[in-house]
Each structure stands twice: as structure tokens, then as C-alpha cells.
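# An overview of the molecular structure
Okay, here's what each chain looks like letter by letter:
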Amino acid sequence: MLQVVASGSLQSSSNPYPFQICRNPIEPAQLHAVSLKTATFHDPLISSRLISLYVHSKSNSLDHVRSVFNQINKPTLHSWNTLIKSYVENQRSQESLLAFLEFMSRSSLMPDVFTLPCVIKACGRLMATKEGEQIHGLILKIGFGTDVFIQSSLVSMYSKFKDINSARKVFDGMTEKDLVSWNSLMDGYVKSGNVELAKDLFDEMAERDVVSWTVMVDGLSKHGKVDDARKVFDEMPSRTLPSWNAMINGYMKAGDFLSAHILFDQMEEKDIITWNSMISGYECNGRFSEALKLFTQLLNSGYVPTHSTLVSTLSTIPYLALLTKGKWVHSYIIKNGHKIDGILGTSLIETYCKCGSIESALKVFKSIPKKKLAHWTAIIVGLGTHGQANHALELFQEMLKVNIIPNAIIFIGVLNACNHTGLVKDGQRFFDMMVNDYKLEPTIEHYGCLVDIYCRAGHLEEAKKIIESMPMKPNKIIWMSLLSASRIYKNVEIGEYAGYHVTKIDPKSIESYLLLSNMYAATSNWDKVSNIRETLNKMGLRKDPGCSFIEFGDSVHEFIVGDRSHPQCKEIYRKLSEIRERLKCLGHVPDKSQVLLHIEGDNEKEVELESHSERLAIAFGLINYKDGIPIRIVKNLRVCNDCHSVTKLLSKIYDREIIVRDNSRYHHFKNGSCSCMDYW
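Residues numbered from 1 in each chain as written. Predicted model: local features only at pLDDT ≥ 70, side-chain atom pairs only at ≥ 80, totals over all residues. Heavy atoms only, no water.

### Details of the packing of helix α17 (residues 288-300) against helix α18 (residues 307-320)
Here is the rule: Axis geometry follows a simple rule: fit a line to the C-alpha atoms, using only the stretch in contact for helices, then measure angles between N-to-C directions, giving values from 0 to 180 degrees. The way it works is that DSSP assigns letters per residue, a run of H or I at least four long becomes a helix, a run of E at least two long becomes a strand, and they are numbered from the N terminus. These descriptions rest on fixed angle ranges, namely under 35 degrees for roughly parallel, over 145 for roughly antiparallel, 65 to 115 for roughly perpendicular, and the rest for oblique. The crossing is said to be left-handed when, going from far helix to near helix, the turn is anticlockwise and less than a right angle, and right-handed when the turn is clockwise. Whether two residues touch is decided by their heavy atoms; if any such pair falls within 4.5 Å, the residues are in contact. All amino acids are sorted into three groups, where Ala, Val, Leu, Ile, Met, Phe, Trp, Tyr, Cys and Pro are nonpolar, Asp, Glu, Lys and Arg are charged, and the leftover types, Gly among them, are polar.
Close contact between α17 and α18 brings their axes to 9 Å; oriented N to C, the two are set at 140 degrees. In terms of orientation, α17 lies oblique with respect to α18. When you trace α17 past α18, the crossing you get is left-handed. Contact residues: F288, S289, A291, L292, F295 and L298 in α17; T309, L310, T313, T316, I317, Y319 and L320 in α18. Considered class by class, the residues forming the contact of α17 with α18 number 9 nonpolar, 4 polar and no charged.

### Quick look at the confidence of the model for the protein chain
Just so we agree on the cut-off: One confidence number per residue, pLDDT, is output by the predictor and ranges from 0 to 100.
Summing up the model confidence of the protein chain, the mean pLDDT is 88 and the portion of residues at 70 or higher is 93%. Here residues 1-20 is modelled with pLDDT under 50, and outside its nearest four sequence neighbours on either side it reaches 45 contacts, counting other chains as well.

### Comments concerning the packing of aromatic side chains
We count it as follows: Between the rings of Phe, Tyr and Trp (Trp by its six-membered ring), a pair exists once the centres lie within 6.5 Å; its type follows the angle of the planes, with under 30 degrees stacked, over 60 edge-to-face, and the other angles tilted. Exposed residues in this analysis have more than 50% of their type's maximum accessible area, buried residues have under 20%, and partly exposed residues fall in between, with area computed by a 1.4 Å probe over protein chains only. Only Lys NZ and Arg CZ are tested; either one counts as a charge over a ring when it is within 6 Å of the ring centre and within 35 degrees of the ring normal.
Applying the stated criterion to the full structure yields 22 aromatic pairs. Between F233 and W244 the ring centres are 5.1 Å apart and the planes differ by 85 degrees, which places this aromatic pair in the edge-to-face class. Taken together, the residues span a long stretch of sequence, with F233 in helix α13 (residues 226-235) and W244 in helix α14 (residues 241-253) at a distance of 11 residues. You'll find F233 and W244 in the same group, each marked buried. Arranged with centres 6.4 Å apart and planes meeting at 85 degrees, the rings of F295 and Y332 form a pair that is edge-to-face. Residue F295 is found in helix α17, and its partner Y332 is found in helix α19 (residues 323-335); the two are separated by 37 residues along the sequence. Here the aromatic residues F69, W80, F100 and F103 are joined through ring pairs into a cluster of three or more. In this structure, K325 packs its charged tip against the face of W328, placed 5.0 Å from the ring centre. Above the face of the F365 ring, K371 is positioned so that its terminal group lies 5.2 Å from the ring centre.

### Looking at the sheet that holds strand β8 (residues 673-674)
Put simply, the rule is: Any two strands are treated as partners once DSSP identifies two or more bridges connecting them.
One open sheet accounts for 6 strands, arranged β4-β3-β5-β6-β7-β8; its pairing is mixed. Each edge of the open sheet is held by one strand with a lone partner, namely β4 (555-560) and β8. The sheet strands contacting helix α35 (residues 641-653) are β6 (658-661), β7 (666-670) and β8, and the helix crosses β7 at an angle near 40 degrees.

Next up, the structure:
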């Protein structure tokens, strides 16, 4: 070790590789000062030991270590190794490779068994395949090709590259295979998708550690072999936290959220990854309420959510129409100092848009200082679906002015904006801009938007030509757009043409039969209406019941058509009677054209319309919401013509903004009008 002798000079021991740990953080600087004062700093052993002391002192940055290193005239191999290793250990792998390159060009020294594994590790982290291969060639050239530690590092590097053949070649050439090399190769097989070969290797292993078991459980889980993963998991001598997390992930990906929940409850120790796996798993499996409950439980248990936790939680909220929950999570984000300039900002914008609060979405968008493409995309798509096409297109032009290059997704938002406001020429112009100016290949979604633009504007022949000229096979959604427009514009010939193609793709598509029936009824073709009714009866097809959700307090209230199960049932139906009388006073005549085929009498049809799920939800909202509070409803089916007309009138009668999200779009009803152009 370094010693300060009585004369004030530095004395070095004969050991060239001491790793002295300082008693306090200022010792390296003190010794450095003494070495400069006594002119012993350039003694190779002393400078080498100083570099080691600086590296092991937590109070010094790596940049400071490098500045001291640069003062050494002729660094020793040990000094180079210490610097290179420090860069790798501090996640600065690129600087590690640059230091190695400098070492090879500036020094007359040759790398040793301490240098090379560090450099190999850096290549693996950076996925620097060419550099890795060059270093492998150097290893063979200077005679270190049979060193076990270096070989093991090479197996790990090639496994990270997913170059499993090279990894296997090095592995097979090893006279002594250590556990690290077995685990690295097995992990390489897993990452390259060869989970069966990984399992064979696992079975061959004479010795296993926790890494071996965890790699196998994780690999089998990720590749959908959950039962096999569970067998390995159950055989583990001691289960690690990553292995529990891997099993939970595997079960969630397989849709078995019950087994994942059982494991979660059995865990004595959890980390934030465990909670994230459960919350995102519930969200992916459509168990949105469970995901939200678990997020609350996470906070109550004292865990600190990450960005991933918050993004997964926000993703669940729109499906439950829980605007207040969205605001609560947003408040948590602000209070705890989370930045919203990345994916979190995008998630917040999307959450507010999907919960019907476009104003809140715009506030979030405006608060982001450095807006990225994803932020612009989220708000433009949101404005488009809310019928605020002009604002959406203005923002798109603003985005282009700040030199952000649009991608294919944002053009879907732009086309939708044109669609919902009947801007046919603009829609075609933006479609052409995407193809010609930005060289983006249109997907079936882009063609679907373009077809819908022409359909809504009544240009059915043009829409039909676009469909027939598409480079890919049209899907059901595109044919349904043409069929729906044919019903609205009473074009039986094109409607039958579209209906034929829908039933060819999906013979049990009840929506297509109902649209055809309504089209025939609108044109007084009662024989064909009767034929469709018989077809539906023979096939046993029934329309899904309408279901609407409305949030009040801390609960979501669900209504189905004709529902009488709600605790406030009597009040709701009294309110519906009041609504009926007020509509009559305004001269409203019910549109019975879309009532289910099996309901025949006019009175029965009117009763059925009055008990549609969204009307029950609106009545509930009018009873319970304070004056001036918007009523927000989510419905599983498309709003029918009559309910759309009635809701417009109700927004005027009760001076109330009503926002309905159906399975097609958002409808903003205010002062007797709606933001959409979907109904005539």
C-alpha cells in the first residue's frame, strides 16, 4: 500500500496490483497532492495505485478519475484496466470501448485476461457485433482463446447478439465450462426463440444456480409454455423474486389472471416489477377494475409507482369511463414530480380524450414544453374523434411548421378529422400528401378512413372504386362502412353488394343483416325484410343488448336496455315519463326504423326505444348530477338514430352538455346540436 514516510516522500510496496480502500474520501486527493509535491506522481506503481484509490472512492466522479489518468505519462496496464473496467461498471460502455481503442493505439502494452472480459462485456451491452468479432479475432491472435473466463465472456456476448451459433461454437470449444457459460448460452437460446434447446441445455446441467432456474422459468413463460414453466418453478430449490415475477407475467400473457393473482397473494416479498406485472396484466386482459384496485393497494402498501405503473393505470381508466379517477392519477403525477414530457404525457392526453374531456387533454398537451410526435398524434386523433376537426387540422399544420415529420398513425387522426366533418377534398389531399410527400405506404386503416370519408359524404360510387382498387383485401370494417352509407342514402344496389362481401367474411355478422333490413324497410321492400328475419331466426342470431355506463361518486352505474334492477329504478322511470312528455311538447316523432325486427307493434317499438340503455343512464344523470355538470356516458353499441335525435333535444331542454362515447366515436350534445355528422 501507499505510505507517507517521515521525510514527506511516498514509498511503494512491491505488489503492483493493490486495491487499497480509503478510510475516508479525501485520502486519494491528499496522497495525490503529496505525490505531486514529492515528484513521485509519475512513478508507474504510485500513479497506478492512485487511480485505484480514486476509483474506489465514492466521492470522485469517473470524469475526475479520467482527468487524473490523463496526467500520467505512461499508464501501466493495471491503470488502463482499472479505467476500462470502471467505465463498464458505471454503464458507460461506449467510453470503455473508446478507452480500449486508445490503449491499443497509444500504448505499447498488450491486453491481458483482466482487460478483455471488460471489453467483451461492453460490446455485448452495446450490441456492437463488428467490434465484438474483431476483439474475438484479437483474442485468438494473442493466445488467450483458451482462457475460461474470456471464453465465458464470449459466450455471453454472442448470446446477447443472438448469434447463437457462434456462442455454441465457443461453448463447445471450452475444456472447462463454468456455470456462467452454461447460463449465458441457455439465456442466448431463450432470447433467440429456441426455448426447447434451452430446456435441453438446462436438463444437461450437472450444477444449477438461481440464475439457471430463473432463466428457464422466464424463458418458458415468455414463450407461452406456462405449464412447463410452472413445473420448473415448483422444482426450484429456492425461488427468487425474478422467478415469481416471470411466472406472474407468463400467466397474465396466457390470460390466466386467476393463477397470477393466486401467486401474487402467496408472495412474501414483492417489488415494483411484481405490481407492474399484475396491473399491466389485468389491463391487457380487460380486468380494468381489478387493475385500478391494485394500483390503490400499491399506494396504500407504501410502494412508489414508476412511469410504467402510471401508464398501465391510466390505460385502464377510459374503459371504465372514470374521468374522476383519471384526474386523481393526474393529480398524483403532479404532486410527486413526475415529468409528463414522454409517454406519460401521451397517456394522459389519451386518457382524457377517451373519457370525453377534450378540454383537459388540451391543457395537458399545452403544458408539455418539448412536444414529441406522440403528443401531437394523441391530441390530433383525440380532437378528430371528438368532432373538432378544424382544431385538429390547425394543430397538424402547426406541427408541420415546427418541422416534426408526421408518421402513418397521425395521418389516421387527420383523415378521421376530415371524415367527421365531411371534408372530402381535404381528406383526399391529406391521403395524397402522406403517399407522395412523406412516402408512407397506406395501411388498410388509411384506406378505411378514406372510404368512410366518401361514404359519409354520399359518394358511394367513388367509395366503391377505392375499395376495388385497394392493394390489399378489404376487411369487414370497410365493407360495413359502405353498407351503412348505402342504408342512409337508400342505395339498395351498392348496399346488397357490400352486404354480400360482409357476410362472406363473417357469415354470422348480425350488424350487416340489421343494416340490410333497415335499408329494405326504408325503401318499403317488406318481402326482403321478412326474409332477413327468417334468416336470423334460422341461424339463431341475436343482437347484443345495449349497455351503458355512467360514473357517479366512486361507482360506475351500468344499465342495459329495459333495465329495472337499479336501486333508483322508480325515480329513473318517473324521469323517463317526464322526458317523454317534454319531447311530445316539442313535436318529436320517434324514429322506429332501427328497432329490433322481432318487435312489431308501434307502441311496443316506442316503449323499446324509451328504455334504451343510454336513455336510462341520461335519466340517472339528470336525477343525480348537479346543474351544469356534464353527463358522460359510455355505450357498447352504436347510438341509434332516435336516441341521437332525443339526446340532442334533451341537451337543449335541460340545458345540459351530454357526452356519449359509443363503439364508433364521441358525440358531444350541447344546445340541441351534436359535434358529429353521422346522423341525418
